[in-house]
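# Commentary on secondary and tertiary structure
The primary structure of each chain is shown beneath.
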Amino acid sequence: MFAACVGGTFQYGYNVSVINAPTMYVQNFINLTWMQRYQTNISQDGLTLLWSTIVSMFTLGGLIGASIGGTLSVKLGRKGTLLANNTFSLMAALLMGLSSTAGSFELLIIGRLLSGINAGIALCVQPLYLGEIAPTALRGAMGMGTSVFITGGILTGQVMGLKEILGKEEYWPILLSTTCIPAALQLLILPWFPESPRYLLIDKGDEEACKKALRQLHGLVDCDGALEDIEKERSNLVGVHAKKPWELFSDRSLRWQLLTIILLNAAQQLNGINAIYFYADYVFRQSGIPMDKIPYATVGTGACECITALTCGLLIESLGRKVLIMGGYVLMSICCVFFTLTLTFQGYSPVFPYLSMVCVFAFILSFGLGPGGVTNILTTELFMQTARPAAFTIAGSVNWLSFFFISLVFPFIVIGLQQYCFLVFLAVCSLVATYIFFCIPETKNKTFVEIQNEFQSSKNKLSRSDGAGTILLSTSI
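Residues numbered from 1 in each chain as written. Predicted model: local features only at pLDDT ≥ 70, side-chain atom pairs only at ≥ 80, totals over all residues. Heavy atoms only, no water.

## Observations regarding the pattern of salt bridges
Close approach of charged atoms lets side chains of opposite charge pair. The test is simple: Counted as salt bridges are all cases of a side-chain nitrogen of Lys or Arg within 4 Å of a carboxyl oxygen of Asp or Glu. Three labels apply to residues, based on accessible area from a 1.4 Å probe with only protein chains included: buried if under 20% of the type maximum, exposed if over 50%, partly exposed otherwise in between. In this description a helix means any DSSP run of H or I spanning at least four residues, a strand means any run of E spanning at least two, and both kinds are numbered starting from the N terminus.
The tally for this structure, following the rule as stated, stands at twelve salt bridges. A salt bridge links arginine 321 to glutamate 317; the nearest nitrogen and oxygen atoms lie 3.2 Å apart. For the pair arginine 321 and glutamate 317, a shared accessibility class is recorded, and that class is buried. As a salt-bridge pair, arginine 321 and glutamate 381 come within 2.6 Å of each other at their nearest N and O atoms. One end of the pair, arginine 321, is in helix α17 (residues 321-344); the other, glutamate 381, is in helix α19 (residues 371-381), and 60 residues separate them in sequence. Both residues of the pair, arginine 321 and glutamate 381, count as buried.

## Structural notes on helix α4 (residues 44-75)
Cut-off, in case you're wondering: One less than the residue count of a helix, multiplied by 1.5 Å, gives the span that helix is expected to have. The quantity called bend is, for any residue, the angle between two axes fitted respectively to the seven residues ending at it and the seven beginning at it.
For α4, built from 32 residues, the straight-helix expectation of 46 Å at 1.5 Å per residue is met to within 8% by its first-to-last C-alpha distance of 46 Å. At glycine 69, α4 shows its maximal kink, close to 40°. In the segment just after α4, glycine 77 is the residue with positive phi, at about 90°.

## A word on the nonpolar core
To keep it simple, the criterion reads: Here, the term nonpolar core denotes a set of buried Ala, Val, Leu, Ile, Met, Phe, Trp, Tyr and Cys residues that are joined through side-chain atoms within 4.5 Å. Each domain's extent was defined by an automatic or database domain assignment. What makes two residues a contact is simply this: any of their non-hydrogen atoms within 4.5 Å.
Within the largest apolar cluster, 56 residues are counted, with the highest numbers of intra-cluster contacts made by Tyr12, Tyr329, Phe339, Trp400, Phe422, Phe425 and Ile436. Both domains that furnish three or more residues to this core are identified here as domain 1 (1-193) and domain 2 (246-459). Not counting residues up to four positions away in its chain, the partners in contact with phenylalanine 339 are Ile276, Tyr279, Val283, Ser356, Cys359, Val360 and Phe422.

## What to know about helix α12 (residues 207-235)
The terminal C-alpha atoms of α12, which comprises 29 residues, lie only 14 Å apart, well short of the 42 Å expected from a rise of 1.5 Å per residue. The sharpest bend along α12 measures roughly 120° and falls at histidine 218. Those residues of α12 that sit buried are Cys210, Ala213, Leu214, His218, Cys223, Ala226, Leu227, Asp229, Ile230 and Glu233.

## Quick notes on the packing of α19 against helix α20 (residues 388-417)
As a reminder, the rule being used: Only the stretch in contact is used when a helix axis is fitted, and all axes are lines through C-alpha atoms; the angle between N-to-C directions ranges over 0 to 180 degrees.
Running from N to C, α19 and α20 cross one another at 145°; their axes reach a closest spacing of 9 Å. Residue-level contacts link Asn376, Thr379 and Thr380 of α19 to Arg388, Ala391, Phe392 and Ala395 of α20.

## Quick look at the domain arrangement of the protein chain
This is how the line gets drawn: Accessible-area loss on putting two parts together, using a 1.4 Å probe and summing over both, is the definition of buried area adopted here.
The domain boundaries assigned to the protein chain delineate domain 1 (1-193) and domain 2 (246-459). A straight line from the C-alpha centre of domain 1 to that of domain 2 covers 22 Å. Counting from both sides, the interface comprises 38 residues of domain 1 and, opposite them, 41 residues of domain 2. Summed over both partners, the interface of domain 1 with domain 2 buries about 3,100 Å², with 68% contributed by carbon and sulfur atoms.

The following block contains the structure:
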(Lines give C-alpha, C1' and ligand atoms only; values in the text may rest on other atoms or scores of the structure.)
Protein backbone atom coordinates (compact mmCIF):
# COMPACT_ATOMS: atom_id res chain seq x y z
CA MET A 1 0.00 0.00 0.00
CA PHE A 2 2.83 2.40 0.87
CA ALA A 3 4.67 1.62 -2.37
CA ALA A 4 1.57 2.32 -4.47
CA CYS A 5 0.35 5.37 -2.55
CA VAL A 6 3.57 7.30 -1.93
CA GLY A 7 3.96 8.05 -5.64
CA GLY A 8 0.20 7.98 -6.24
CA THR A 9 -2.46 9.84 -4.30
CA PHE A 10 0.14 11.29 -1.91
CA GLN A 11 1.28 13.37 -4.89
CA TYR A 12 -2.27 14.67 -5.40
CA GLY A 13 -2.58 15.89 -1.80
CA TYR A 14 0.95 17.28 -1.76
CA ASN A 15 0.56 19.31 -4.96
CA VAL A 16 -2.85 20.66 -3.89
CA SER A 17 -1.43 22.17 -0.69
CA VAL A 18 2.22 22.95 -1.45
CA ILE A 19 1.30 25.72 -3.92
CA ASN A 20 -0.37 27.81 -1.20
CA ALA A 21 2.69 28.75 0.87
CA PRO A 22 4.77 30.46 -1.87
CA THR A 23 1.85 32.43 -3.38
CA MET A 24 3.34 35.88 -2.73
CA TYR A 25 6.86 34.79 -3.71
CA VAL A 26 5.76 33.34 -7.03
CA GLN A 27 3.73 36.47 -7.79
CA ASN A 28 6.82 38.59 -7.05
CA PHE A 29 8.82 36.37 -9.41
CA ILE A 30 6.21 36.83 -12.17
CA ASN A 31 6.30 40.62 -11.68
CA LEU A 32 10.12 40.69 -11.74
CA THR A 33 10.29 38.49 -14.85
CA TRP A 34 7.71 40.69 -16.61
CA MET A 35 9.75 43.80 -15.73
CA GLN A 36 12.97 42.25 -17.11
CA ARG A 37 11.25 41.29 -20.36
CA TYR A 38 9.10 44.33 -21.06
CA GLN A 39 10.58 47.08 -18.79
CA THR A 40 7.22 47.68 -17.12
CA ASN A 41 5.25 46.26 -14.21
CA ILE A 42 2.57 43.74 -15.01
CA SER A 43 -1.00 44.90 -14.36
CA GLN A 44 -2.82 43.54 -11.33
CA ASP A 45 -5.35 41.81 -13.60
CA GLY A 46 -2.54 40.28 -15.65
CA LEU A 47 -0.78 39.05 -12.52
CA THR A 48 -4.01 37.54 -11.19
CA LEU A 49 -4.63 35.84 -14.55
CA LEU A 50 -1.15 34.30 -14.68
CA TRP A 51 -1.31 33.12 -11.06
CA SER A 52 -4.78 31.64 -11.60
CA THR A 53 -3.46 29.87 -14.70
CA ILE A 54 -0.56 28.35 -12.76
CA VAL A 55 -2.93 27.08 -10.04
CA SER A 56 -5.72 25.89 -12.36
CA MET A 57 -3.38 24.03 -14.75
CA PHE A 58 -3.26 21.33 -12.08
CA THR A 59 -7.02 20.77 -12.48
CA LEU A 60 -6.78 20.63 -16.28
CA GLY A 61 -3.92 18.14 -16.02
CA GLY A 62 -5.94 16.06 -13.57
CA LEU A 63 -8.83 15.82 -16.01
CA ILE A 64 -6.44 14.73 -18.79
CA GLY A 65 -4.85 12.14 -16.48
CA ALA A 66 -8.21 10.75 -15.36
CA SER A 67 -9.36 10.42 -18.98
CA ILE A 68 -6.33 8.31 -19.97
CA GLY A 69 -5.71 6.45 -16.70
CA GLY A 70 -8.21 3.65 -17.34
CA THR A 71 -6.88 2.94 -20.83
CA LEU A 72 -3.26 2.91 -19.62
CA SER A 73 -4.15 0.51 -16.78
CA VAL A 74 -5.44 -2.00 -19.36
CA LYS A 75 -2.49 -1.61 -21.76
CA LEU A 76 0.40 -1.31 -19.27
CA GLY A 77 -1.14 -3.01 -16.25
CA ARG A 78 -1.94 -1.39 -12.91
CA LYS A 79 1.61 -1.53 -11.55
CA GLY A 80 3.15 -0.62 -14.92
CA THR A 81 0.97 2.47 -15.21
CA LEU A 82 1.86 3.65 -11.70
CA LEU A 83 5.57 3.30 -12.46
CA ALA A 84 5.33 5.03 -15.85
CA ASN A 85 3.26 7.81 -14.26
CA ASN A 86 6.30 8.99 -12.28
CA THR A 87 7.74 10.36 -15.54
CA PHE A 88 5.23 13.23 -15.37
CA SER A 89 6.15 13.99 -11.75
CA LEU A 90 9.90 14.02 -12.39
CA MET A 91 9.49 16.26 -15.45
CA ALA A 92 7.25 18.62 -13.45
CA ALA A 93 9.79 18.83 -10.60
CA LEU A 94 12.60 19.61 -13.06
CA LEU A 95 10.66 22.36 -14.86
CA MET A 96 9.35 24.04 -11.68
CA GLY A 97 12.76 23.83 -10.01
CA LEU A 98 14.47 25.53 -12.97
CA SER A 99 11.77 28.18 -13.53
CA SER A 100 13.42 30.81 -11.31
CA THR A 101 16.92 30.25 -12.72
CA ALA A 102 15.59 30.31 -16.29
CA GLY A 103 13.44 33.38 -15.59
CA SER A 104 10.40 31.67 -17.09
CA PHE A 105 7.00 31.50 -15.40
CA GLU A 106 5.86 29.43 -18.41
CA LEU A 107 7.84 26.53 -16.94
CA LEU A 108 5.66 26.76 -13.84
CA ILE A 109 2.51 26.52 -15.96
CA ILE A 110 3.80 23.43 -17.81
CA GLY A 111 5.08 21.90 -14.56
CA ARG A 112 1.70 22.29 -12.85
CA LEU A 113 -0.02 20.74 -15.89
CA LEU A 114 2.31 17.71 -15.71
CA SER A 115 1.74 17.43 -11.93
CA GLY A 116 -2.00 17.41 -12.62
CA ILE A 117 -1.67 14.64 -15.21
CA ASN A 118 0.33 12.62 -12.68
CA ALA A 119 -2.34 13.13 -10.00
CA GLY A 120 -5.22 12.33 -12.39
CA ILE A 121 -3.67 9.01 -13.45
CA ALA A 122 -2.80 8.15 -9.83
CA LEU A 123 -6.33 8.82 -8.56
CA CYS A 124 -7.66 6.56 -11.29
CA VAL A 125 -5.21 3.63 -11.19
CA GLN A 126 -3.96 3.43 -7.60
CA PRO A 127 -7.37 2.62 -5.97
CA LEU A 128 -7.86 0.09 -8.78
CA TYR A 129 -4.55 -1.61 -7.93
CA LEU A 130 -5.16 -1.63 -4.16
CA GLY A 131 -8.71 -2.99 -4.56
CA GLU A 132 -7.52 -5.83 -6.78
CA ILE A 133 -4.54 -7.00 -4.71
CA ALA A 134 -6.31 -6.87 -1.32
CA PRO A 135 -7.89 -9.91 0.36
CA THR A 136 -11.69 -9.58 0.55
CA ALA A 137 -11.64 -9.12 4.34
CA LEU A 138 -9.10 -6.28 4.09
CA ARG A 139 -10.27 -4.60 0.88
CA GLY A 140 -11.86 -1.65 2.67
CA ALA A 141 -8.86 -1.02 4.93
CA MET A 142 -6.48 -1.26 1.94
CA GLY A 143 -8.70 1.04 -0.07
CA MET A 144 -8.51 3.63 2.71
CA GLY A 145 -4.84 3.98 1.81
CA THR A 146 -6.00 6.32 -0.96
CA SER A 147 -7.61 8.73 1.53
CA VAL A 148 -4.88 8.38 4.16
CA PHE A 149 -2.15 9.28 1.68
CA ILE A 150 -4.12 12.16 0.13
CA THR A 151 -4.55 13.73 3.57
CA GLY A 152 -0.96 12.84 4.44
CA GLY A 153 0.15 14.62 1.27
CA ILE A 154 -1.90 17.71 2.14
CA LEU A 155 -0.42 17.78 5.65
CA THR A 156 3.14 17.27 4.37
CA GLY A 157 2.70 20.09 1.84
CA GLN A 158 1.47 22.41 4.60
CA VAL A 159 4.41 21.52 6.88
CA MET A 160 7.00 21.87 4.10
CA GLY A 161 5.64 25.35 3.37
CA LEU A 162 6.29 26.64 6.90
CA LYS A 163 9.00 29.29 7.18
CA GLU A 164 11.10 27.02 9.39
CA ILE A 165 11.49 24.51 6.54
CA LEU A 166 11.13 25.68 2.89
CA GLY A 167 8.70 28.58 3.34
CA LYS A 168 11.23 31.37 2.81
CA GLU A 169 11.30 33.34 -0.44
CA GLU A 170 14.64 32.00 -1.69
CA TYR A 171 13.49 28.39 -1.27
CA TRP A 172 10.23 28.40 -3.27
CA PRO A 173 11.70 26.71 -6.42
CA ILE A 174 13.10 23.93 -4.20
CA LEU A 175 9.73 23.63 -2.42
CA LEU A 176 7.84 23.12 -5.69
CA SER A 177 10.45 20.65 -7.00
CA THR A 178 10.22 18.37 -3.93
CA THR A 179 7.43 16.53 -5.76
CA CYS A 180 10.25 14.41 -7.23
CA ILE A 181 10.96 12.78 -3.83
CA PRO A 182 7.75 10.67 -3.62
CA ALA A 183 8.21 9.70 -7.30
CA ALA A 184 11.77 8.50 -6.62
CA LEU A 185 10.58 6.51 -3.59
CA GLN A 186 7.94 4.72 -5.64
CA LEU A 187 10.41 3.92 -8.43
CA LEU A 188 12.70 2.35 -5.81
CA ILE A 189 10.06 0.34 -3.90
CA LEU A 190 7.14 -0.62 -6.18
CA PRO A 191 9.14 -2.76 -8.68
CA TRP A 192 9.68 -5.30 -5.87
CA PHE A 193 5.92 -5.96 -5.66
CA PRO A 194 3.75 -7.95 -8.11
CA GLU A 195 1.22 -6.85 -10.69
CA SER A 196 -2.49 -7.20 -9.85
CA PRO A 197 -3.36 -10.94 -9.90
CA ARG A 198 -6.83 -10.17 -11.31
CA TYR A 199 -5.29 -8.24 -14.18
CA LEU A 200 -2.82 -11.06 -14.87
CA LEU A 201 -5.47 -13.79 -15.00
CA ILE A 202 -8.62 -12.07 -16.33
CA ASP A 203 -7.07 -9.49 -18.67
CA LYS A 204 -3.83 -11.20 -19.72
CA GLY A 205 -4.76 -14.89 -19.24
CA ASP A 206 -1.43 -15.60 -17.51
CA GLU A 207 -2.33 -18.18 -14.85
CA GLU A 208 1.25 -18.88 -13.71
CA ALA A 209 2.03 -15.18 -13.17
CA CYS A 210 -1.28 -14.82 -11.30
CA LYS A 211 -0.43 -17.72 -8.96
CA LYS A 212 3.05 -16.32 -8.32
CA ALA A 213 1.60 -12.88 -7.50
CA LEU A 214 -1.00 -14.41 -5.16
CA ARG A 215 1.67 -16.40 -3.30
CA GLN A 216 3.69 -13.23 -2.83
CA LEU A 217 0.70 -11.16 -1.70
CA HIS A 218 -1.40 -13.67 0.26
CA GLY A 219 1.06 -16.37 1.29
CA LEU A 220 0.90 -20.09 0.53
CA VAL A 221 -2.02 -20.77 2.90
CA ASP A 222 -4.50 -18.21 1.53
CA CYS A 223 -3.53 -18.04 -2.13
CA ASP A 224 -5.80 -20.96 -3.21
CA GLY A 225 -8.93 -19.24 -1.86
CA ALA A 226 -7.99 -15.98 -3.55
CA LEU A 227 -7.38 -17.82 -6.84
CA GLU A 228 -10.80 -19.48 -6.60
CA ASP A 229 -12.44 -16.08 -6.13
CA ILE A 230 -10.68 -14.70 -9.23
CA GLU A 231 -11.61 -17.82 -11.23
CA LYS A 232 -15.29 -17.31 -10.35
CA GLU A 233 -15.12 -13.73 -11.59
CA ARG A 234 -13.37 -14.82 -14.79
CA SER A 235 -16.01 -17.50 -15.48
CA ASN A 236 -18.70 -14.82 -15.31
CA LEU A 237 -16.79 -12.68 -17.81
CA VAL A 238 -16.05 -15.25 -20.51
CA GLY A 239 -16.20 -13.56 -23.90
CA VAL A 240 -16.56 -10.08 -22.36
CA HIS A 241 -13.89 -7.59 -23.40
CA ALA A 242 -12.61 -4.66 -21.33
CA LYS A 243 -15.25 -1.95 -21.68
CA LYS A 244 -14.66 1.58 -22.89
CA PRO A 245 -16.09 4.45 -20.81
CA TRP A 246 -18.81 5.22 -23.37
CA GLU A 247 -19.89 1.57 -23.38
CA LEU A 248 -20.81 1.79 -19.69
CA PHE A 249 -23.44 4.43 -20.49
CA SER A 250 -25.17 2.07 -22.94
CA ASP A 251 -25.04 -0.98 -20.62
CA ARG A 252 -28.41 -1.11 -18.84
CA SER A 253 -27.11 -3.64 -16.31
CA LEU A 254 -24.61 -1.07 -14.98
CA ARG A 255 -26.89 1.95 -15.00
CA TRP A 256 -27.41 2.18 -11.22
CA GLN A 257 -23.75 1.55 -10.43
CA LEU A 258 -22.75 4.25 -12.91
CA LEU A 259 -25.27 6.72 -11.50
CA THR A 260 -23.96 5.97 -8.00
CA ILE A 261 -20.29 6.66 -8.74
CA ILE A 262 -21.12 9.80 -10.74
CA LEU A 263 -23.24 11.15 -7.88
CA LEU A 264 -20.71 10.26 -5.16
CA ASN A 265 -17.71 11.66 -7.03
CA ALA A 266 -19.50 14.91 -7.87
CA ALA A 267 -20.65 15.22 -4.25
CA GLN A 268 -17.10 14.66 -3.00
CA GLN A 269 -16.19 18.07 -4.45
CA LEU A 270 -19.56 19.84 -4.14
CA ASN A 271 -20.29 18.98 -0.49
CA GLY A 272 -18.71 22.13 0.96
CA ILE A 273 -15.26 20.89 2.04
CA ASN A 274 -13.59 23.51 -0.20
CA ALA A 275 -15.82 26.20 1.31
CA ILE A 276 -14.76 25.16 4.81
CA TYR A 277 -11.09 25.62 3.92
CA PHE A 278 -11.95 28.95 2.28
CA TYR A 279 -13.60 30.20 5.49
CA ALA A 280 -10.97 28.67 7.81
CA ASP A 281 -8.59 31.67 7.72
CA TYR A 282 -11.47 34.09 8.42
CA VAL A 283 -12.68 31.98 11.36
CA PHE A 284 -9.15 31.73 12.79
CA ARG A 285 -8.70 35.52 12.55
CA GLN A 286 -12.06 36.13 14.22
CA SER A 287 -11.06 33.77 17.01
CA GLY A 288 -8.06 35.98 17.79
CA ILE A 289 -5.28 33.88 16.28
CA PRO A 290 -2.44 36.23 15.10
CA MET A 291 -1.88 36.42 11.35
CA ASP A 292 1.62 34.95 11.56
CA LYS A 293 0.25 31.94 13.49
CA ILE A 294 -2.61 31.11 11.09
CA PRO A 295 -0.40 28.81 8.92
CA TYR A 296 0.10 26.63 12.00
CA ALA A 297 -3.66 26.51 12.61
CA THR A 298 -4.08 25.51 8.97
CA VAL A 299 -1.60 22.66 9.55
CA GLY A 300 -3.95 21.66 12.38
CA THR A 301 -6.82 21.24 9.92
CA GLY A 302 -4.60 19.05 7.72
CA ALA A 303 -3.59 16.94 10.72
CA CYS A 304 -7.26 16.66 11.71
CA GLU A 305 -8.23 15.30 8.29
CA CYS A 306 -5.27 12.90 8.25
CA ILE A 307 -6.11 11.46 11.69
CA THR A 308 -9.75 11.03 10.66
CA ALA A 309 -8.74 9.14 7.52
CA LEU A 310 -6.64 6.78 9.67
CA THR A 311 -9.60 6.32 12.03
CA CYS A 312 -11.87 5.53 9.10
CA GLY A 313 -9.36 2.91 7.96
CA LEU A 314 -9.62 1.23 11.36
CA LEU A 315 -13.44 1.30 11.40
CA ILE A 316 -14.36 0.46 7.82
CA GLU A 317 -14.16 -3.32 8.13
CA SER A 318 -16.23 -3.35 11.34
CA LEU A 319 -18.87 -0.69 10.61
CA GLY A 320 -19.00 -1.13 6.83
CA ARG A 321 -18.90 1.30 3.90
CA LYS A 322 -22.55 2.35 3.92
CA VAL A 323 -22.66 3.38 7.58
CA LEU A 324 -19.47 5.46 7.31
CA ILE A 325 -20.26 7.33 4.10
CA MET A 326 -23.91 7.94 4.96
CA GLY A 327 -23.02 8.94 8.53
CA GLY A 328 -20.37 11.32 7.19
CA TYR A 329 -22.87 13.12 4.97
CA VAL A 330 -25.45 13.32 7.80
CA LEU A 331 -22.87 14.85 10.16
CA MET A 332 -21.76 17.29 7.45
CA SER A 333 -25.40 18.35 6.98
CA ILE A 334 -25.66 19.10 10.70
CA CYS A 335 -22.37 21.03 10.60
CA CYS A 336 -23.67 23.15 7.68
CA VAL A 337 -26.64 24.24 9.80
CA PHE A 338 -24.55 25.15 12.84
CA PHE A 339 -21.80 26.83 10.80
CA THR A 340 -24.39 29.04 9.06
CA LEU A 341 -25.81 30.04 12.45
CA THR A 342 -22.43 30.75 14.08
CA LEU A 343 -21.25 32.83 11.10
CA THR A 344 -24.53 34.79 11.10
CA PHE A 345 -24.21 35.68 14.79
CA GLN A 346 -20.43 36.35 14.85
CA GLY A 347 -20.86 39.86 16.23
CA TYR A 348 -23.40 39.04 18.93
CA SER A 349 -21.10 37.27 21.39
CA PRO A 350 -17.35 36.54 21.70
CA VAL A 351 -18.20 32.84 22.00
CA PHE A 352 -19.50 32.49 18.41
CA PRO A 353 -16.07 32.70 16.69
CA TYR A 354 -14.92 29.77 18.83
CA LEU A 355 -18.08 27.82 17.98
CA SER A 356 -17.32 28.51 14.31
CA MET A 357 -13.86 27.04 14.80
CA VAL A 358 -15.42 23.92 16.34
CA CYS A 359 -17.69 23.65 13.27
CA VAL A 360 -14.66 23.87 10.93
CA PHE A 361 -12.94 20.93 12.62
CA ALA A 362 -16.21 18.97 12.99
CA PHE A 363 -16.94 19.33 9.26
CA ILE A 364 -13.43 18.20 8.31
CA LEU A 365 -13.71 15.23 10.71
CA SER A 366 -17.08 14.24 9.20
CA PHE A 367 -15.72 14.48 5.65
CA GLY A 368 -12.66 12.37 6.44
CA LEU A 369 -14.74 9.80 8.30
CA GLY A 370 -16.81 8.84 5.26
CA PRO A 371 -16.99 10.70 1.93
CA GLY A 372 -13.26 11.43 1.79
CA GLY A 373 -12.24 7.77 1.94
CA VAL A 374 -15.14 5.49 1.10
CA THR A 375 -16.02 6.99 -2.31
CA ASN A 376 -13.02 5.45 -4.14
CA ILE A 377 -13.56 2.11 -2.43
CA LEU A 378 -17.14 1.92 -3.72
CA THR A 379 -15.94 2.73 -7.25
CA THR A 380 -13.71 -0.35 -7.01
CA GLU A 381 -16.35 -2.62 -5.50
CA LEU A 382 -19.43 -1.85 -7.59
CA PHE A 383 -17.90 -3.00 -10.89
CA MET A 384 -16.48 -6.22 -12.29
CA GLN A 385 -12.98 -6.52 -13.76
CA THR A 386 -13.85 -5.63 -17.37
CA ALA A 387 -15.82 -2.50 -16.40
CA ARG A 388 -13.65 -1.27 -13.53
CA PRO A 389 -10.99 0.73 -15.45
CA ALA A 390 -13.67 2.52 -17.48
CA ALA A 391 -15.62 3.22 -14.27
CA PHE A 392 -12.55 4.84 -12.71
CA THR A 393 -12.04 6.94 -15.84
CA ILE A 394 -15.63 8.23 -15.59
CA ALA A 395 -15.43 8.72 -11.81
CA GLY A 396 -12.10 10.56 -12.06
CA SER A 397 -13.34 12.80 -14.87
CA VAL A 398 -16.48 13.71 -12.91
CA ASN A 399 -14.39 14.41 -9.80
CA TRP A 400 -11.96 16.71 -11.62
CA LEU A 401 -14.75 18.50 -13.54
CA SER A 402 -16.58 19.08 -10.25
CA PHE A 403 -13.33 20.36 -8.71
CA PHE A 404 -12.94 22.80 -11.61
CA PHE A 405 -16.62 23.83 -11.43
CA ILE A 406 -16.59 24.57 -7.70
CA SER A 407 -13.29 26.49 -8.03
CA LEU A 408 -14.86 28.62 -10.78
CA VAL A 409 -18.30 29.16 -9.24
CA PHE A 410 -17.61 29.19 -5.50
CA PRO A 411 -16.29 32.80 -5.28
CA PHE A 412 -19.54 34.03 -6.88
CA ILE A 413 -21.64 31.88 -4.51
CA VAL A 414 -19.83 33.43 -1.53
CA ILE A 415 -20.29 36.97 -2.87
CA GLY A 416 -23.99 36.36 -3.52
CA LEU A 417 -24.98 34.31 -0.47
CA GLN A 418 -22.12 34.98 1.99
CA GLN A 419 -22.43 32.62 4.98
CA TYR A 420 -25.75 31.29 3.64
CA CYS A 421 -23.79 29.46 0.92
CA PHE A 422 -23.65 26.56 3.38
CA LEU A 423 -27.39 26.06 2.90
CA VAL A 424 -26.56 25.00 -0.67
CA PHE A 425 -24.08 22.46 0.69
CA LEU A 426 -26.66 21.36 3.26
CA ALA A 427 -29.01 20.43 0.39
CA VAL A 428 -26.22 18.52 -1.42
CA CYS A 429 -25.19 16.53 1.68
CA SER A 430 -28.79 15.73 2.66
CA LEU A 431 -29.74 14.51 -0.82
CA VAL A 432 -26.65 12.31 -1.12
CA ALA A 433 -27.23 10.79 2.34
CA THR A 434 -30.82 9.97 1.33
CA TYR A 435 -29.68 8.34 -1.93
CA ILE A 436 -27.10 6.22 -0.11
CA PHE A 437 -29.67 5.04 2.43
CA PHE A 438 -32.16 3.84 -0.19
CA CYS A 439 -30.01 2.80 -3.15
CA ILE A 440 -26.57 1.51 -2.13
CA PRO A 441 -26.12 -1.98 -0.62
CA GLU A 442 -23.45 -2.78 1.98
CA THR A 443 -20.33 -4.27 0.35
CA LYS A 444 -18.32 -5.28 3.44
CA ASN A 445 -16.76 -8.78 3.32
CA LYS A 446 -18.33 -9.61 -0.07
CA THR A 447 -16.62 -10.73 -3.26
CA PHE A 448 -17.01 -8.66 -6.42
CA VAL A 449 -19.40 -11.29 -7.83
CA GLU A 450 -21.57 -11.19 -4.67
CA ILE A 451 -21.68 -7.39 -4.73
CA GLN A 452 -22.69 -7.37 -8.39
CA ASN A 453 -25.46 -9.90 -7.76
CA GLU A 454 -26.81 -8.02 -4.73
CA PHE A 455 -26.69 -4.66 -6.47
CA GLN A 456 -28.53 -6.00 -9.49
CA SER A 457 -31.08 -7.82 -7.33
CA SER A 458 -31.95 -4.75 -5.27
CA LYS A 459 -32.23 -2.53 -8.33
CA ASN A 460 -34.32 -5.02 -10.27
CA LYS A 461 -36.95 -4.85 -7.54
CA LEU A 462 -37.18 -1.09 -8.15
CA SER A 463 -37.24 -1.46 -11.92
CA ARG A 464 -40.10 -3.88 -12.59
CA SER A 465 -42.73 -2.62 -14.97
CA ASP A 466 -46.23 -1.92 -13.67
CA GLY A 467 -47.93 -4.38 -16.03
CA ALA A 468 -46.39 -7.75 -16.70
CA GLY A 469 -43.66 -7.38 -14.11
CA THR A 470 -40.92 -7.31 -16.75
CA ILE A 471 -37.50 -6.55 -15.33
CA LEU A 472 -36.19 -3.41 -16.96
CA LEU A 473 -32.60 -3.79 -15.83
CA SER A 474 -31.05 -7.03 -17.06
CA THR A 475 -28.42 -8.62 -14.86
CA SER A 476 -24.97 -9.07 -16.29
CA ILE A 477 -24.38 -12.34 -14.45
